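Observations on the three-dimensional arrangement
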Amino acid sequence: MRHFRHVPAAVRQSLFHSEPVEFDENSPISTLGAALGATLYSPATRPGLADDVVKQAGRGLVSMVLCLEDSIHDSEVAAAEQNLVRQLVELDRREEERPLLFVRVRSPEQITDLVDRLGPAVRTLSGFVLPKFTEEHGVPFLEALVAAEAATGRRLLAMPVLESPSLLHLETRTETLAGIRRAVEKYRERVLALRLGVTDFCSAYGLRRPPDLTAYDVQLVASVIGDVVNTLGRADGSGFTISGPVWEYFRLQERMFRPQLRATPFTGRAEELRAALIEHDMDGLLREIELDRANGLQGKTCIHPSHIAPVHALSVVSHEEFSDARDILRPDRRGGGVLRSAYTNKMNEAKPHRAWAERTLRRAEIFGVARDDVSFVQLLMAAGLK
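The structure contained in this document is the topic of the report that follows. (Residues numbered from 1 in each chain as written. Predicted model: local features only at pLDDT ≥ 70, side-chain atom pairs only at ≥ 80, totals over all residues. Heavy atoms only, no water.)

**A look at helix H8 (residues 170–186)**
- With 17 residues, H8 should cover 24 Å at 1.5 Å per step; its first-to-last C-alpha distance of 25 Å lies within 8% of that length.
- All of the buried residues along H8 are Arg173, Thr176, Leu177, Gly179, Ile180, Ala183 and Val184.
- For H8, the secondary structure elements touched by its buried residues are helix H6 (135–152), strand S6 (157–162), helix H7 (165–168) and helix H10 (219–232). (Helix = DSSP H or I, 4+ residues; strand = E, 2+ residues; numbered from the N terminus. Expected span 1.5 Å × (residues − 1). Buried < 20%, exposed > 50% of the residue type's maximum accessible area, 1.4 Å probe, protein only. Contact = heavy atoms within 4.5 Å.)

Now the structure itself:
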């Protein structure tokens with residue numbers, strides 16, 4: 001699989017200075033964590049789940065979560081499990097391409113039970129999403145994952161969700177983060193990414209951010225994101241991939257503030273795209289994606305297929321970023337120093353910017369590098385927003 005594989009080859013060649021590379025479910029965790037992109041959640045109760053998975057893969061989706069937890073009613077769990085097993089067995093019989101698939105479970109016992117019920121069809125799964133993760137609550141999930149691996153002989157990866165009130169509350173945050181770090185470090189080779197449960201954070205205080213605002217405008221939430229990245233997202237080799245929070249909106253809401261998309265980049269045919277983005281509250285999503293990256297997050301949790309294209313288009317490395325990163329990592333710059341960027345608009349410092357450059361080139365491999373005359377608007381249109 002690879003990003004933008006659904007875009008015709010001729011169009012890709014016109015957009016990319018360097019096209020995205022291929023990867024698969026057996027790629028290194030560092031590669032897969034960076035490649036998750038837009039991770040689409042879907043309730044496991046959907047009767048056409050197998051068809052949904054195949055359809056979204058054909059639209060460029062690379063990672064998907066089939067949810068048995070908060071997205072379904074407590075009374076639906078047994079039926080959802082049955083449907084999930086049936087749909088995954090059907091997927092296993094089909095030869096169509098599918099994204100990396102994960103199941104969000106409620107309890108550790110669900111992991112071993114589902115793996116047992118799936119039998120050979122377990123090969124359709126890449127792993128499990130672990131809810132409300134803390135050291136005390138999360139380690140049993142990881143132990144169940146290890147047991148499932150041993151039983152199947154298949155690598156299964158974990159994506160813990162950080163959403164516990166003890167992580168939000170100031171008096172318990174430091175201790176909770178330290179415990180989470182101990183747990184995920186012990187199982188590092190199985191932890192693909194950490195996901196942020198911002199909806200649960202807001203719930204603890206009766207909050208809900210409107211579509212005009214991002215998660216970073218809600219100070220209670222922004223402070224948690226900062227502390228999570230500080231503890232678990234360091235660039236010294238000890239950090240983990242941390243994904244961006246979910247964007248909840250996909251239909252027009254009543255607006256209080258002006259749209260956040262400037263008209264200048266959207267000229268000609270692209271004016272219709274700008275209107276569509278604003279109509280569906282996507283301007284707020286685009287801003288939050290940019291803020292995610294600025295704050296050290298990669299990829300994003302999504303609840304609607306229309307969010308996939310913006311996340312992937314804005315994950316493509318611009319030619320300017322690529323040029324800066326490559327210059328910073330030149331062998332003759334290992335000793336440090338300052339140089340003017342090739343675009344003559346900024347200062348590049350070899351030592352302080354090195355970690356950024358390494359992360360940027362990793363993203364460039366996965367999502368590609370745009371040509372110097374290609375804008376994110378063109379990438380959005382090619383990715384599926386017409």
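Following the structure, the description resumes.
**Quick notes on the packing of helix H5 (residues 108–118) against H6**
- It is at 8 Å that the axes of H5 and H6 come closest, and there the two elements cross at 15°. In terms of orientation, H5 and H6 fall into the roughly parallel class. Where H5 crosses over H6, the two elements pack in a sense that is right-handed. Contacts from Pro108, Ile111, Thr112 and Val115 in H5 reach Pro140, Phe141, Ala144, Leu145, Ala147, Ala148 and Thr152 in H6.
- Taken together, the residues of the contact of H5 with H6 break down into 9 nonpolar, 2 polar and no charged. (Axes fitted to C-alpha atoms, helices over the stretch in contact; angles between N-to-C directions. Parallel < 35°, antiparallel > 145°, perpendicular 65-115°, else oblique. Left-handed = near helix turned anticlockwise from the far one by under 90°. Nonpolar A, V, L, I, M, F, W, Y, C, P; charged D, E, K, R; others polar.)

**With respect to unusual backbone geometry**
- You will see that Phe4, though not glycine, has its phi angle at about 65°, which is positive.
- Turning to its location among the elements, Phe4 is positioned in the segment before helix H1 (9–15).

**Re the state of the cysteines**
- Counting across every chain of the model gives 0 disulfides.
- Of all cysteine sulfurs in the structure, the one in Cys302 sits closest to Cys202, which takes part in no disulfide; the separation is 17 Å.
- There is no disulfide at Cys302, and the cysteine sulfur nearest it, in Cys67, is 15 Å away.
- With a relative accessible area of 1%, Cys302 lands in the buried category. (Disulfide = S-S within 2.5 Å.)

**Some remarks on empty space enclosed by the protein**
- The tally for this structure, following the rule as stated, stands at 1 cavity of 30 Å³ or more.
- There is about 40 Å³ of room inside the largest cavity.
- Lining the largest cavity, in full, are Phe4, His6, Arg59, Gly60, Ile308, Ala309, His312 and Ala383. (1 Å grid on protein atoms, 1.4 Å probe; cavity = no way out; pocket = protein on both sides within 12 Å on 5 of 7 lines; lining within 4 Å. Points joined across faces, edges and corners; volume = space filled by probe spheres on them.)

**Details of the nonpolar core**
- If you look at the biggest cluster of nonpolar residues, it comprises 75 residues, and the most contacted ones within it are Leu84, Phe128, Leu162, Leu196, Val228 and Leu232.
- Ignoring anything within four residues of it in the chain, the contact list for Leu232 reads Leu162, Leu177, Ile180, Arg181, Val184, Leu194, Gly239, Phe240 and Ile242.
- Counting 32 residues, the second largest nonpolar core, distinct from the first, contains Leu157, Met159, Ala370 and Leu379. (Core = buried A, V, L, I, M, F, W, Y, C linked by side-chain atoms within 4.5 Å.)

**Brief notes about helix H4 (residues 77–93)**
- Compared with an ideal rise of 1.5 Å per residue, which puts 17 residues at 24 Å, H4 spans 25 Å between its outermost C-alpha atoms and is within 8% of the ideal.
- Those residues of H4 that fall on the buried side of the exposure criterion are Val77, Ala80, Glu81, Asn83, Leu84, Val85, Gln87, Leu88 and Leu91.
- On its buried face, H4 sits against helix H3 (49–58), strand S3 (63–67), strand S4 (100–104) and H5.

**Examining the sheet that holds S3**
- The sheet built from 8 strands is open, its strands ordered S7-S6-S5-S4-S3-S2-S9-S8 with parallel pairing. The two strands at the open ends of the sheet, each matched to only one other strand, are strand S7 (195–196) and strand S8 (244–247).
- Bridge count for strand S2 (residues 38–43) against S3 is 5 bridges, and the pairing is parallel. When the sheet's bridge partners are listed, Pro43 is paired in S3 with Cys67. (Pairing = 2+ DSSP bridges.)

**What about the pairing of S2?**
- Of all 6 residues that make up S2, 5 are buried, and the element is covered over most of its length.
- Judged from the 3 bridges that link them, S2 and strand S9 (residues 300–302) form a sheet pairing that is parallel. Paired with Thr39 across the bridge in S9 is Thr301.
- Following the backbone out of S2, through H3 and into the adjacent parallel S3, one traces a crossover that is right-handed. (Right-handed = clockwise from strand over helix to strand, strands pointing away.)

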